[in-house]
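Coordinate inspection notes
Residue-level listing of the chains:
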Amino acid sequence: MSLLAIGINHKTATVDLREKVAFSPDKIHEAMKSLAKHSKTGEAVIISTCNRTELYTNTADEAEVVRWLEEYHQLSHEEVESCLYKFHGQAVVQHLMRVSSGLDSLILGEPQILGQVKQSFTKAREAGTVAITMDRMFQNTFSVAKRVRTETEIGAAAVSVAFAAVSMAKHIFSALSATKVLLIGAGETIELVARHLKDNGVDSMVVANRTLSRAEGMCEEFGATAITLEQIPDFLPQADIVISSTASPLPILGKGMVEKALKQRRHQPMLLVDIAVPRDIEAEVADLDDAFLYTVDDLQSIIEQNMASRREAAEQAEIIAEEESHLFMEWVRSLESVDSIREYRSQSMAIKDELVERAIKKLAQGGDSEQLLLELANKLTNKLIHAPTRALTAASRQGDLNRIGQLRTALGLDKN
């Protein structure tokens, strides 16, 4: 049994090549069925995300799988080969466990990859390209990823600006679910902030953007209210938290606007997080009582500390992945020994059945029973010792004492 993984990721290939090698959701079932034809056991799982494409199968022919990938995407060998990484045996299992635990991600410890791996595995099962080996390998991997999250702090610390902004809000407000949030901008960063807020129970969100239609499109997903930038003064007094990220060349919130809102709030505190460059919120806002202003630089220092924490946790996670991959390979070897024992017994029984059948025919023809019994015993013995005798002879000629010792133990010649 020879496990094989071949892939490219954000470390080895450009975005352009990663796009060319990606498998679209509507074609991945057929792709896995096609790849499975090149597997010894008819097993294949393809993981395809924006940052990686990986093929998992069970075959000794690495070159054949690489050719399949090139032909499927109509790419030249020169285009693909230098960007590929390849793993065999236990290294396949350990790599998959590292990937699923976020140890091989662009952002160390990010949790989204586990869901993507689970989704890929589900699609492989639907395509009928998963049997006992791949099923056990992926199920073990999911358990390991869960163990890494439980036993280490790999995902506890914020390492993205959006996550750090929401984490800061959680430290200031005891219950985010009771807060009202104003988000300024409707780009990817604000969308990610909104997602983190939603995950933390925030239901009251207003999204302000220069283009109202863009804000409305985002608000549909999060149940938020969309407004224009000009409407911000009307909504600002209601906001407990303000998080801003736009591409505006000039500040959107000035000291005067915030001061007026605080008076209407009767000086209830307001958290303002400015993650835009250049700034969306005037620096002088920090001088106001009850206004707590943090910038992207403040968040960056938090992120750097948290990354150091994640790297420490990653060292623990690496040990878990290595230990668990060892255990999986022990299980694989136990399967191989069962198969070998079954094959050896089947072969021996076939030899016995053939010789007994011949002896019965001769006995029916009037042959001497005692002579036939002796002949059967001699022929059966010769047949059964033929292969071990050849192996012992070859090991002796080569002077391979280690091999001779193994054969003697297997044949029961060394009783100690």
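Residues numbered from 1 in each chain as written. Predicted model: local features only at pLDDT ≥ 70, side-chain atom pairs only at ≥ 80, totals over all residues. Heavy atoms only, no water.

**A short note on the overall build of the protein chain**
Looking only at helices and strands, the protein chain features 15 helices and ten strands. Here the C-alpha atoms of the protein chain give a radius of gyration of 33 Å, more than 25% beyond the 22 Å that 2.2 N^0.38 yields for 416 residues. Across its three principal axes, the protein chain shows a C-alpha extent of roughly 120 × 50 × 40 Å. Relative to its full complement of 416 residues, the protein chain shows a buried share of 43%. A separation threshold of at least 6 residues defines the contact pool for the protein chain, and within that pool the share at least 24 residues apart is 67%. (Helix = DSSP H or I, 4+ residues; strand = E, 2+ residues; numbered from the N terminus. Rg over C-alpha atoms; globule rule 2.2 N^0.38 Å. Buried < 20%, exposed > 50% of the residue type's maximum accessible area, 1.4 Å probe, protein only. Contact = heavy atoms within 4.5 Å.)

**Considerations on the domain arrangement of the protein chain**
Entries for the protein chain in the domain assignment read domain 1 (3-157), domain 2 (161-295) and domain 3 (334-411). Computed from C-alpha atoms alone, the centre-to-centre distance between domain 1 and domain 3 is 44 Å. (Domains from an automatic or database assignment.)

**Digging into the UniProt feature "site: Important for activity" (unreviewed entry) in the protein chain**
Per the UniProt record, "site: Important for activity" (unreviewed entry) is annotated on H95. Position of H95 among the secondary structure elements: in helix 5 (residues 90-100). Accessibility expressed as a relative area gives 6% for H95, which makes it buried. Leaving out residues up to four positions away in the same chain, H95 has contacts with R52, E54, Y56, Y85, F87 and D104. (UniProt positions renumbered as here; feature names shortened; annotations may be inferred.)

**So, the sheet that holds strand 7 (residues 225-228)**
Spatial strand order, 7-6-5-8-9-10: six strands in an open sheet with parallel pairing. Two strands lie at the open edges of the sheet, namely strand 7 and strand 10 (291-295), each paired on one side alone. The mean inter-strand angle of the sheet, taken between neighbouring strand axes irrespective of direction, is 20°. Relative to strand 7, strand 6 (residues 204-209) runs parallel, the two being bridged by four bridges. (Pairing = 2+ DSSP bridges. Axes fitted to C-alpha atoms, helices over the stretch in contact; angles between N-to-C directions.)

**Focus: helix 9 (residues 188-199)**
Three- or four-residue spacings in an α-helix give side chains the same orientation, since the helix completes a turn every 3.6 residues. With twelve residues, helix 9 extends 17 Å from end C-alpha to end C-alpha; this agrees with the ideal 16 Å at 1.5 Å per step. Turning to helix 9, its buried residues number three or more, namely I190, V193, A194, H196 and L197. End-on view of helix 9: buried residues confined to an arc of 165°, all on one side of the axis. Opposite the buried face of helix 9, at more than 90 degrees from it, the exposed residues are E188 and D199. Tucked inside the fold, the buried residues of helix 9 contact helix 8 (161-172), strand 5 (180-184), strand 6, helix 10 (212-222) and strand 8 (241-244). Phi turns positive one or two residues past the end of helix 9, at G201, with a value near 90°. (Expected span 1.5 Å × (residues − 1). Arc of directions from axis to C-beta.)

**Side note on the side chain of E54**
Its place among the elements puts E54 in strand 3 (residues 52-58). A polar contact of 2.9 Å, which involves the side chain of E54, links it to the side chain of R52. A distance of 2.6 Å separates a polar atom in the side chain of E54 from a polar atom in the side chain of Y56. Residues in contact with E54, not counting those within four places in the same chain, are I6, G7, V45, I46, I47, Y85, H95 and V99. (Polar contact = N/O pair within 3.5 Å; in protein donor to acceptor, adjacent residues only side chain to side chain.)

**Structural notes on the packing of helix 6 (residues 112-127) against helix 7 (residues 132-151)**
Two numbers describe how helix 6 lies on helix 7: the axes approach to 11 Å, and their chain directions differ by 160°. Classified by the angle their axes make, helix 6 and helix 7 are roughly antiparallel. The element helix 6 and its partner helix 7 pack so that their crossing is left-handed. Facing helix 6, whose interface residues are L114, V117, K118, F121 and R125, helix 7 presents M134, D135, F138, Q139, F142 and A145. Class assignment for the residues of the contact of helix 6 with helix 7 results in seven nonpolar, one polar and three charged. (Parallel < 35°, antiparallel > 145°, perpendicular 65-115°, else oblique. Left-handed = near helix turned anticlockwise from the far one by under 90°. Nonpolar A, V, L, I, M, F, W, Y, C, P; charged D, E, K, R; others polar.)

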